[in-house]
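Close look at the chain arrangement
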Amino acid sequence: MALREYTDDEYERLQRSERELTGNRERAEITDVAVVDDTARLTFGFEWTPEPDSVSYDLDDARDVMELKSVAGAAGYEYDQLPYLEGETIPVVYLDDGWVPAAALPGGGPETAGERGRQGPSLVDSAYRRLADRLDDITARSVVLGVIVVKKLLIASALVYLLVA
């Protein structure tokens, strides 16, 4: 049997068949984000193939909107900042109908134990974002109520201390 070299097409076909198995997880760069009328389309680029792949979301469908919010949040952005995802590298999972962002799947999709730490924003980023959201929701009334509650707790703890001591 004579040895011959692969053609580029054969090599790419073998690479694609090896990676496009249901449940396989890869990292992809978002090369394009298009928001047009009632759809949003994310286009992925992979190191191992020159052909991009894309997934579309219906902006009138509540489930699709929640999935897009999850994808944006996992990359450290808000939902209305979807265009900023362009250039970000995110984990994607291959399903029967193509590649989808892992963050859009329930539980982040199948993953190995080593990938858990690399997924999404850091703990500090998410804590800062939650704190900022809570501070945005604070009103003058809630501040006054909070002060009253803290004052009453201090008085009660002082009384308990005096009774015990």
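Residues numbered from 1 in each chain as written. Predicted model: local features only at pLDDT ≥ 70, side-chain atom pairs only at ≥ 80, totals over all residues. Heavy atoms only, no water.

1. Considerations on the packing of aromatic side chains
- Per the counting criterion, the structure on display carries three aromatic pairs.
- On the basis of an interplanar angle of 45 degrees and a centroid distance of 5.0 Å, the ring pair of phenylalanine 46 and tryptophan 99 is categorised as tilted. Of the two residues, phenylalanine 46 sits in strand β2 (residues 39-46) while tryptophan 99 sits in strand β5 (residues 98-101), which places them 53 residues apart along the sequence.
- Aromatic pair tyrosine 77 and tyrosine 84: ring centres 6.3 Å apart, planes at 25 degrees, arrangement stacked.
- For tyrosine 84, a relative accessible area of 54% corresponds to the exposed category.
- Taken together through their ring pairs, the aromatic side chains of Phe46, Tyr94 and Trp99 make up a single cluster.
- Here lysine 69 stacks its cationic end above the ring of tyrosine 79, 5.8 Å away from the centre of that ring. (Phe/Tyr/Trp six-rings, centres within 6.5 Å; stacked < 30°, edge-to-face > 60°. Helix = DSSP H or I, 4+ residues; strand = E, 2+ residues; numbered from the N terminus. Buried < 20%, exposed > 50% of the residue type's maximum accessible area, 1.4 Å probe, protein only. Lys NZ or Arg CZ within 6 Å of the ring centre and 35° of its normal.)

2. Concerning the pattern of salt bridges
- Under the defined criterion, the tally for this structure stands at two salt bridges.
- Here glutamate 67 ties to arginine 63 by a salt bridge, and the two come within 3.5 Å at their closest N and O atoms. Pair noted here: glutamate 67 and arginine 63 are both in helix α2 (residues 62-74), with a separation of four residues, about one helical turn. (Salt bridge = Lys/Arg side-chain N within 4 Å of Asp/Glu carboxyl O.)

3. Structural notes on a nonpolar patch on the surface
- Together, Leu131, Leu135, Ile138, Val143 and Val147 make up a nonpolar patch on the protein surface, roughly 450 Å² of accessible area in all.
- If you list the elements that add at least two residues to the nonpolar patch, you get α3 (123-137) and α4 (140-164).
- Residue classification places valine 147 among the exposed residues on the basis of a relative accessible area of 52%. (Patch = residues over 30% accessible without salt bridge, like charges linked within 9 Å, V, L, I, M, F, W, Y side chains within 5 Å. Areas by Shrake-Rupley, 256 points an atom, 1.4 Å probe, with all protein chains shown as cover.)

4. Some thoughts on the sheet that holds strand β1 (residues 25-36)
- Spatial ordering of the open sheet is given by β3-β2-β1-β4-β5, a layout of five strands whose pairing is antiparallel. The two strands at the open ends of the sheet, each matched to only one other strand, are β3 (49-58) and β5. Neighbour-to-neighbour, the strand axes of this sheet turn through a mean angle of 45 degrees, independent of strand direction.
- Pairing geometry for β2 and β3, over seven bridges, is antiparallel. Residue pairing in the sheet places phenylalanine 46 in a bridge with threonine 49 of β3.
- The sheet strands contacting α2 are β2, β3, β4 (89-95) and β5, and the helix crosses β3 at an angle near 130 degrees. (Pairing = 2+ DSSP bridges. Axes fitted to C-alpha atoms, helices over the stretch in contact; angles between N-to-C directions. Contact = heavy atoms within 4.5 Å.)

5. Some points on the UniProt feature "transmembrane region" (unreviewed entry) in the protein
- Here the UniProt-annotated "transmembrane region" (unreviewed entry) positions come out as residues 143-164.
- Helix makes up 100% of residues 143-164 and strand makes up 0%, while its end C-alpha atoms are separated by 31 Å. (UniProt positions renumbered as here; feature names shortened; annotations may be inferred.)

6. Focus: a negative patch on the surface
- Among the surface-exposed residues, Asp37, Asp38, Asp58, Asp60 and Asp61 lie close enough to one another that they form a single negatively charged patch.
- Considering the arrangement of structural elements, one finds aspartate 38 in the loop between β1 and β2.
- Judged by its relative accessible area of 34%, aspartate 38 falls in the partly exposed class. (Lys, Arg positive; Asp, Glu negative; His and termini not counted. Charge placed at Lys NZ, Arg CZ, Asp CG, Glu CD.)

7. Quick word on the pairing of β2
- With respect to burial, β2 is a largely interior element, six of its eight residues being buried.
- Relative to β2, β1 is paired through seven bridges, and the arrangement is antiparallel. Within β2, the residue paired with valine 36 across the bridge is threonine 39.
- Hairpin geometry of β1 and β2 is characterised by an intervening segment of two residues between the two adjacent antiparallel strands and by a positive phi of about 50 degrees at aspartate 37.
- Here β2 hands over to β3 after two residues, the two strands then running antiparallel side by side.

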